[in-house]
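This is what each chain is made of:
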Amino acid sequence: MPANTMQKYWWDVTPTPTTPTGEAPTSMIGFYNEEEARKYTQNSRIIDIQAQMTERCLELLLLPEDDTPCLLLDIGCGSGLSGSVLEENGHMWIGMDISNSMLEVALERETEGDLVLSDMGEGVPFRAGCFDGAVSVSAIQWLFNADKKSHQPVKRLYKFFSTLYASLSRSARAVFQFYPQNETQLELLTSQAMKAGFYGGVVIDYPNSTKAKKFFLVLMTGGSAPLPKALGTEEENSLQVKYARREAGRNARGKPLKNTKAWLLEKKEKRRQQGKETKPDTKYTGRKRSGRF
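Chemist: Any chance you could explain the overall build of the chain here in plain terms?
Modeler: A count of helices and strands for the chain gives 10 helices and seven strands. Among the 293 residues that make up the chain, the fraction classed as buried is 49%. Partitioning the contacts of the chain with sequence separation of at least 6, the portion at a separation of at least 24 is 65%. Of the roughly 15,200 Å² that the chain leaves accessible, carbon and sulfur atoms contribute 51%.

Below, the structure written as structure tokens:
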């Protein structure tokens, strides 16, 4: 299937709801409706956190360091915030999400990745061995919800992990940043992933910090290997500092900084070369807009 046709959302499913707070709305699509999707994408704090978590996921993926672009799967891609970080690091990506409202915002943002409307609990709908890695930021915990008799978390988790395992190359990794509610959820995630064929475990960054503590499920397809080292409490190792250093590094290599006019023009030109529909450049392109409407 050509890449540009995948953005027509060829995969449609029944939603599987839950919220990050543990409540169960009528549907996940209802929770992330058009209004909530736009609020989420325009929140500067959320944008920064998404960028930091995606950067950490990329570190834990241990991709080749020869600058070779990889094809990555973004699970629960939402409006494409994490996908933008993958783009900045030179990778190609395909995103899957259950919220049509989120994906519509991603299209409006002209993300470079292809988008698929899909319920991860129904499985990963791609051919075997096509991805070099997978990342997910704050999405996998949605699978613990069971608001319908047909939604059994254990079966849905296994369906997801087994089809994800099949879609990855045999040297690939998958990294999930998530928010577990208890030890039972941690054990359920790891047990179903191992049952599906993965090796790995949970890496906990800043385990002694209430605010900075983050959980990452690191899964490997190529056999057992030591888990990556968790980040500690030293100030110089913070994700904020690493993110700033990465931006400085991009500037030093002659690449425009994110969200500048030069960066936006470069991104639009790349989309045109890929044959994707792109809005024309105007004197307003890249101009910062007031937050008031």
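Resuming the write-up.
Chemist: How should the side chain of histidine 91 be read in this particular structure?
Modeler: By the secondary structure assignment, histidine 91 is in the loop between α5 (81-88) and β2 (92-97). A distance of 3.1 Å separates the side chain of histidine 91 from the backbone nitrogen of cysteine 70, its partner in a polar contact.

Chemist: How should I be thinking about the pairing of strand β5 (residues 168-178) in this particular structure?
Modeler: The two faces of a sheet get side chains in turn, since along a regular strand they alternate between them. With nine of 11 residues buried, β5 is to be regarded as a mostly interior element. Note that strand β4 (residues 131-137) and β5 share six bridges and pair parallel. Following the sheet pairing, serine 136 is matched in β5 by phenylalanine 176. Pairing between β5 and strand β7 (residues 214-220): six bridges, direction antiparallel. The partner of phenylalanine 178 across the bridge, within β7, is phenylalanine 215.

Chemist: Please clarify how unusual backbone geometry should be interpreted in this entry.
Modeler: With glycine set apart, most residues show a phi of negative sign, and most peptide bonds adopt trans. Positive phi, normally seen in glycine, also occurs at glutamate 110, with a value near 60°. Judged by its relative accessible area of 12%, glutamate 110 is buried. Positioned with a positive phi, tyrosine 206 is a non-glycine residue whose angle comes to about 50°. Tracing the chain through its elements places tyrosine 206 in the loop between β6 (199-205) and β7. By relative accessible area, which is 10% here, tyrosine 206 ends up buried.

Chemist: Any chance you could explain the sheet that holds β4 here in plain terms?
Modeler: Hydrogen bonds along the backbone pair up the strands of a sheet, which may run parallel or antiparallel. Read from one edge to the other, the open sheet built from seven strands follows the order β3-β2-β1-β4-β5-β7-β6, with strand pairing classed as mixed. Only two strands of the sheet have a single neighbouring strand rather than two, namely β3 (114-117) and β6. With direction set aside, neighbouring strand axes in the sheet form an average angle of 15°. Inspection of the sheet shows strand β1 (residues 71-75) paired to β4 by three bridges, in the parallel sense. Bridge pairing in β4 places aspartate 74 opposite valine 135. Taken strand by strand, helix α7 (residues 153-167) contacts β1, β4, β5 and β7, and its axis lies near 135° from that of β5. In the packing of helix α8 (residues 183-195) onto the sheet, the strands contacted are β5, β6 and β7, and the crossing angle to β7 comes to about 10°.

Chemist: I keep staring at the pattern of salt bridges and nothing clicks. Help me out?
Modeler: Side chains bearing opposite charge may pair, as long as their charged atoms lie close to each other. With the rule as written, the count across this model stands at four salt bridges. One salt bridge in this structure joins glutamate 59 and arginine 56, with 3.1 Å as the shortest N-O distance. Placement of the pair is glutamate 59 and arginine 56 together in helix α4 (residues 44-61), with a separation of three residues, close to one helical turn. Put simply, Arg56, Glu59 and Asp205 are held in one network by salt bridges that share partners.

Chemist: Could you clarify how one ought to interpret the confidence of the model for the chain in this entry?
Modeler: Note: predicted coordinates in regions of low pLDDT should not be interpreted at a detailed level. Taken residue by residue, the chain gives an average pLDDT of 79. The fraction at 70 or more is 74%. Contacts for the low-pLDDT stretch residues 1-30, under 50 throughout, to residues beyond four places or in other chains number 76 contacts. pLDDT under 50 marks residues 235-245. Its contacts with residues more than four places away, or in other chains, come to 18 contacts.

Chemist: I'm lost on the packing of aromatic side chains in this one. Help?
Modeler: The geometry of two aromatic rings is summed up by the distance between their centres and the angle between their planes. For the structure shown, the criterion picks out seven aromatic pairs. Considering the side-chain rings of phenylalanine 160 and phenylalanine 176, the 5.8 Å spacing of their centres and the 75° angle between planes classify their relative orientation as edge-to-face. Here the residue phenylalanine 160 occupies a position in helix α7, and phenylalanine 176 occupies one in strand β5, the gap between them amounting to 16 residues. By relative accessible area, phenylalanine 160 is classed as buried at 0%. Here the aromatic cluster, defined as three or more aromatic residues joined through ring pairs, consists of Phe160, Phe161, Tyr165, Phe176 and Phe198.

Chemist: Would you explain helix α6 (residues 100-108) in this entry?
Modeler: Since there are 3.6 residues in each turn of an α-helix, residues three or four apart along the chain are aligned in direction. Taken residue by residue, α6 has Ser101, Met102, Leu103, Val105 and Ala106 as its buried positions. Just downstream of α6, glutamate 110 is the residue with a positive phi angle, here 60°.

Chemist: Would you explain α5 in this entry?
Modeler: Among the eight residues in α5, eight count as buried, and that is most of the element. Those residues of α5 that sit buried are Leu81, Ser82, Gly83, Ser84, Val85, Leu86, Glu87 and Glu88. Once α5 finishes, glycine 90 follows within two positions and takes phi at roughly 85°, a positive value.

Parameters and conventions
- Residues numbered from 1 in each chain as written.
- Predicted model: local features only at pLDDT ≥ 70, side-chain atom pairs only at ≥ 80, totals over all residues.
- Heavy atoms only, no water.
- Helix = DSSP H or I, 4+ residues; strand = E, 2+ residues; numbered from the N terminus.
- Buried < 20%, exposed > 50% of the residue type's maximum accessible area, 1.4 Å probe, protein only.
- Contact = heavy atoms within 4.5 Å.
- Areas by Shrake-Rupley, 256 points an atom, 1.4 Å probe, with all protein chains shown as cover.
- Polar contact = N/O pair within 3.5 Å; in protein donor to acceptor, adjacent residues only side chain to side chain.
- Pairing = 2+ DSSP bridges.
- Axes fitted to C-alpha atoms, helices over the stretch in contact; angles between N-to-C directions.
- Salt bridge = Lys/Arg side-chain N within 4 Å of Asp/Glu carboxyl O.
- pLDDT = per-residue confidence, 0-100.
- Phe/Tyr/Trp six-rings, centres within 6.5 Å; stacked < 30°, edge-to-face > 60°.

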